[in-house]
Amino acid sequence: MPTLLSVHNLAKSFGAKRLFDDLKFGIEGKERIGLIGPNGAGKTTLLKILTGKVSPDAGTISYQKGLKLGFLEQVPTLPDEASVMAIVREGLAGSEGSMDDWELDILAENQIARLNLDPQALIGKLSGGWKKKVALARELVKQPDLLILDEPTNHLDVESILWLEKFLANASFATLTVTHDRLFLQRISNRILELDRRNAGGILSIRGSYTDYLAAKDQLMNAQEKREVILKNTLRRETEWLRRGPKARSTKQQARIDRAYDLQDTVSELSERNQVRTANIDFQNSALPKRLLEAKGITKSYGDKKLFAHFNLLISPGTRVGLLGLNGAGKSTLIRVLLGQETPDQGEVMRSEQLSVAYFEQNRETMDPNMSVAKTLCPQGEHVEYRGRMIHIKSYLDRFLFTQEQMDLSVKLLSGGEQSRILIAKLMLQPANLLVLDEPTNDLDMATLNVLQDCLTDFEGAILLVTHDRYFLDQVANKIVAFSPTSPALHTFSDLNQWEEWFVENQKTPLPSPTTASSNSKNSDKKKKRSYKDQLEFDSMESTIHALELKHSTLQQESELPKIASNAKRLLEISREMEKLKTEIDRLYQRWAELE
């Protein structure tokens, strides 16, 4: 495979904080790389350096000649007043000279149809998940050789994530994806890069899936720990020898002294690499009555849309409910109704007088981005109260891996994962018997996710959880409540596998488009006449489909030849090519039906 880009001795700092030094790695064509690492390691910064948005302090990047790069940012910045079509057309900037406007329009329209978007919809009317799809369409229309994605699953519902992972797993271009969604990472990656200053050279590269990385990392850590023990024993003996003070200062003895000092440096480096610190998360319980809240036959509508109907739910200590559904399905509304912030149209919700709620909000609205880290948790004085005792803010922040230098930093200067840790630290100061967690996993690194997962599993109170991280959801929740995409009925499942089986069986139609109900009905009442551009596309479609079907048939015949059946490498290549052809043929048939 051709090398798309090569990184040589890359270094970057922010103030006194050194993110990485002397990074070296390359990306080859069709690789699907997952980039992981602890919060604050510089993953987003590295992506911005690769895409030319930020300059490194040192080092160079060599790009393949004519390389086309796409970059889906973590939080895409799109103007509210722009249409979907206008944003997607931005991806074709620079192609105006080589193609006519109508050709560019066809490329944009094809990409918009592929992602089931409404070209006329205004950005300001779309949810965060749909905005991300629009930003993705803008990058895909460039037909990139390498697509770089920063936390692409944030703000997407689980149904959209299922679509995205299938799309990326079958992509013909290379991908570099930063994500903390472990199941997503497992399904879309064939190589893992771990960015961490504790790794030799600052980066660890493992060929294979995320589970292959976990096995390799475990072996590496075991080997490093054993080496540290051996070298520590050697260093102890050498130190004892040095303390005795050898009388003769021969060249041989001087070399031994030098080796002892080098050994000391090696042991220190190994000790730093082997040290794994994680956030110390432990939520406080308040009183635990037998019933915290009970919903009986609750129904809620907005306008003509019924979000849920005749729903019953009992929440007691130990109940951990995970909510699943499309963006806009009504998950947040259901939570507000259960907590008494909104009134149901029908039914009732009974709440215990002892109910106390701690709320983790998805967009971190309760945090002032301009306030310092210390003042966010401790507005007055220098101590916080936790479990009935006063703790100095420096010691409390140390539980969440914040250094003394970070205490006076503004919250807005922290990484997304560090901001999530601050919000968790704030929640821990509040005794509660019901935790309401809206996307708590966004941006958290793997180590913190594992600690949070274990803490929630041990929490004696109840939990209402909304998250796109399916592994986290399956580990924490003991009941899943899912919104149906076709009716106001809410369905209850015992685990994620049960929900996935139901979802696949019932997902007969494409995911709904982001347009409002009124605009959908308006469009369906009035059949559009094909435009000149659409007619040109329609006229050539039959011959295009025929050619692809012929190619698919030829590959099918080749795969049945005895010499190919025994050639595993060629058989795999044929299978992948046939899968791509089938996907494209299905898309063309769908587009043909639309135009027809």
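Data block above holds the structure.
K.L.:
Lay out the overall build of the protein chain in plain terms, naming residues and giving numbers.
P.N.:
For the protein chain, the helix and strand inventory stands at 19 helices and 20 strands. Evaluated residue by residue, the protein chain yields a buried proportion of 48% over its 596 residues. Sequence separation of at least 24 residues holds for 70% of the intrachain contacts in the protein chain that already meet a minimum separation of 6. Of the roughly 29800 Å² of accessible surface on the protein chain, a fraction of 49% belongs to carbon and sulfur atoms.

K.L.:
Go over the nonpolar core, please, and point to the residues and values.
P.N.:
Formed by 52 residues in total, the largest nonpolar core has its most connected members in Ile 281, Phe 283, Tyr 396, Ile 424, Leu 435, Leu 456 and Trp 499. The greatest single-element share of this core, amounting to six residues, is contributed by helix α12 (residues 416-428). What Phe 283 contacts, discounting residues up to four positions off in sequence, is Arg 387, Ile 424, Leu 427, Met 428, Leu 435, Leu 452, Cys 455, Leu 456 and Phe 459. Judged by nonpolar contacts, the second largest core, of 34 residues, contains Val 84, Trp 130, Ala 135 and Leu 147.

K.L.:
Hey, could you go over the pattern of salt bridges for me, with residue numbers and the actual values?
P.N.:
A full pass over the atoms with the stated rule returns 18 salt bridges. Across the pair Arg 18 and Asp 21 runs a salt bridge whose closest N-O atoms are separated by 2.6 Å. Given the relative accessible area of 27%, Asp 21 is considered partly exposed. With a shortest N-O distance of 2.7 Å, Glu 194 and Lys 217 are connected by a salt bridge. Taken together, the positions of Glu 194 in strand β8 (residues 191-195) and Lys 217 in helix α7 (residues 210-244) put the pair 23 residues apart, joining distant regions of the chain.

K.L.:
Outline the packing of aromatic side chains, listing residues and values.
P.N.:
For the coordinates displayed, the defined rule picks out eight aromatic pairs. Plain terms: the ring middles of Phe 308 and Phe 483 are 6.5 Å apart, the flat faces sit at 75° to each other, and that makes the pair edge-to-face. One end of the pair, Phe 308, is in strand β11 (residues 305-315); the other, Phe 483, is in strand β19 (residues 479-483), and 175 residues separate them in sequence. For the pair Phe 308 and Phe 483, one class covers both residues: buried. With a centroid separation of 5.4 Å and an interplanar angle of 50°, the aromatic rings of Phe 493 and Trp 502 are classed as tilted. Side by side, Phe 493 and Trp 502 carry an identical accessibility label, which is buried.

K.L.:
Tell me what's going on with unusual backbone geometry, and back it up with residues and numbers.
P.N.:
Not every positive phi belongs to a glycine, and Gln 143 is a case in point at roughly 50°. With respect to the secondary-structure elements, Gln 143 resides in the loop between α4 (128-140) and β6 (146-150). Overall, the relative accessible area of 52% leaves Gln 143 in the exposed class. Of note, Glu 151 is a non-glycine position whose phi angle comes to about 50°, a positive value. Checked against the element boundaries, Glu 151 lands in the loop between β6 and α5 (158-169). Since its relative accessible area comes to 3%, Glu 151 is described here as buried.

K.L.:
Before we move on, can you summarise the sheet that holds strand β2 (residues 17-28) with the specific residues and values?
P.N.:
Note: strands within a sheet are paired through backbone hydrogen bonds, in either parallel or antiparallel orientation. In space, the three strands of this open sheet follow the order β2-β1-β4, with antiparallel pairing throughout. A strand with exactly one partner marks an edge of an open sheet, and here the two such strands are β2 and β4 (58-63). Across the sheet, the axes of successive neighbouring strands diverge by a mean angle of 10°, strand direction being ignored. Inspection of the sheet shows strand β1 (residues 3-14) paired to β4 by five bridges, in the antiparallel sense. Residue pairing in the sheet places Leu 5 in a bridge with Tyr 63 of β4. Strand contacts of helix α1 (residues 43-50): β1, β2 and β4, with the helix running at about 125° to β1, the strand carrying the most contacts.

K.L.:
Break down the pairing of β11 for me, citing the residues and quoting the values.
P.N.:
The side chains of a regular strand alternate, first on one face of the sheet and then on the other. Looking at chain direction, strand β10 (residues 293-302) and β11 are connected through seven bridges and run antiparallel. Across the sheet, the residue bridging to Tyr 302 is Lys 305, located in β11. In this structure, the hairpin formed by β10 and β11 is closed by a connection of two residues, where Gly 303 is found at a positive phi of approximately 60°.

K.L.:
Any chance you could break down helix α15 (residues 496-506) for me, citing the residues and the numbers?
P.N.:
Every buried residue belonging to α15 is among Leu 496, Trp 499, Glu 500, Trp 502 and Phe 503, and all of these are buried. Angularly, the buried residues of α15 cover 165° about the axis, an arc narrow enough to put them on a single face. Along α15, exposed side chains directed more than 90 degrees from the buried face belong to Asn 497, Glu 501, Val 504 and Glu 505. On its buried face, α15 is in contact with α5, α6 (182-188), β12 (320-324), α14 (470-476), β19 and β20 (490-493).

K.L.:
Describe the sheet that holds β11, listing the residues and the values that go with them.
P.N.:
Pairing is antiparallel across the open sheet formed by three strands, whose spatial order is β11-β10-β13. In this open sheet, the two strands that pair with only one neighbour each are β11 and β13 (346-351). Pairs of neighbouring strands in the sheet enclose a mean axial angle of 25°, with direction left out of account. Docked against the sheet, helix α9 (residues 331-339) engages β10, β11 and β13, running at close to 130° with respect to β10.

K.L.:
Before we move on, can you summarise the side chain of Gln 111 with the specific residues and values?
P.N.:
Examined against the element boundaries, Gln 111 turns out to sit in helix α3 (residues 101-114). Setting aside residues up to four positions removed in sequence, Gln 111 forms contacts with Ala 137, Leu 140 and Val 141.

K.L.:
Can you tell me about the side chain of His 180, naming the residues and giving the values?
P.N.:
Residue placement: His 180 occurs in the loop between β7 (174-178) and α6. Judged by relative accessible area, His 180 falls into the buried class, the value being 5%. Looking at His 180, its side chain comes within polar contact range of the side chain of Glu 151, at 2.7 Å.

Conventions used here
Every chain's residues receive numbers from 1 upward, in the order its sequence appears when written. Given that the model is predicted, a residue must reach a pLDDT of at least 70 before its local features are reported, and side-chain atom pairs must reach 80 or more before they are shown or counted; all residues, however, enter totals for whole chains, interfaces and linings. Calculated side-chain values reflect all of the structure's heavy atoms, with hydrogen atoms and water omitted. Secondary structure elements are defined from DSSP: runs of H or I of at least 4 residues count as helices, runs of E of at least 2 residues count as strands, and each element is numbered from the N terminus. Remark: exposure states derive from per-residue accessible area (1.4 Å probe, protein chains only) relative to the maximum for the residue type, with buried under 20%, exposed over 50%, and partly exposed in between. Throughout, a residue-residue contact means that at least one pair of heavy atoms, one from each residue, lies within 4.5 Å. Areas reported here follow the Shrake-Rupley algorithm with a probe of radius 1.4 Å; residue values treat only the protein chains shown as occluding. Within this scheme, the nonpolar core is defined by two criteria: the residues are buried Ala, Val, Leu, Ile, Met, Phe, Trp, Tyr or Cys, and they are joined through side-chain atoms within 4.5 Å. Salt bridges are defined by distance alone: a side-chain nitrogen of Lys or Arg within 4 Å of a carboxyl oxygen of Asp or Glu. Between the rings of Phe, Tyr and Trp (Trp by its six-membered ring), a pair exists once the centres lie within 6.5 Å; its type follows the angle of the planes, with under 30 degrees stacked, over 60 edge-to-face, and the other angles tilted. When DSSP finds at least two bridges between two strands, those strands are taken to pair. Lines fitted to C-alpha atoms define the axes, with helix axes restricted to the stretch in contact, and inter-axis angles between N-to-C directions lie between 0 and 180 degrees. The directions from the helix axis to the C-beta atoms form the arc being described. Distance and chemistry together define a polar contact, namely a pair of N or O atoms within 3.5 Å, with one atom able to donate a hydrogen and the other to accept it when in protein, and with adjacent residues in sequence counting only for side-chain atoms on both sides.

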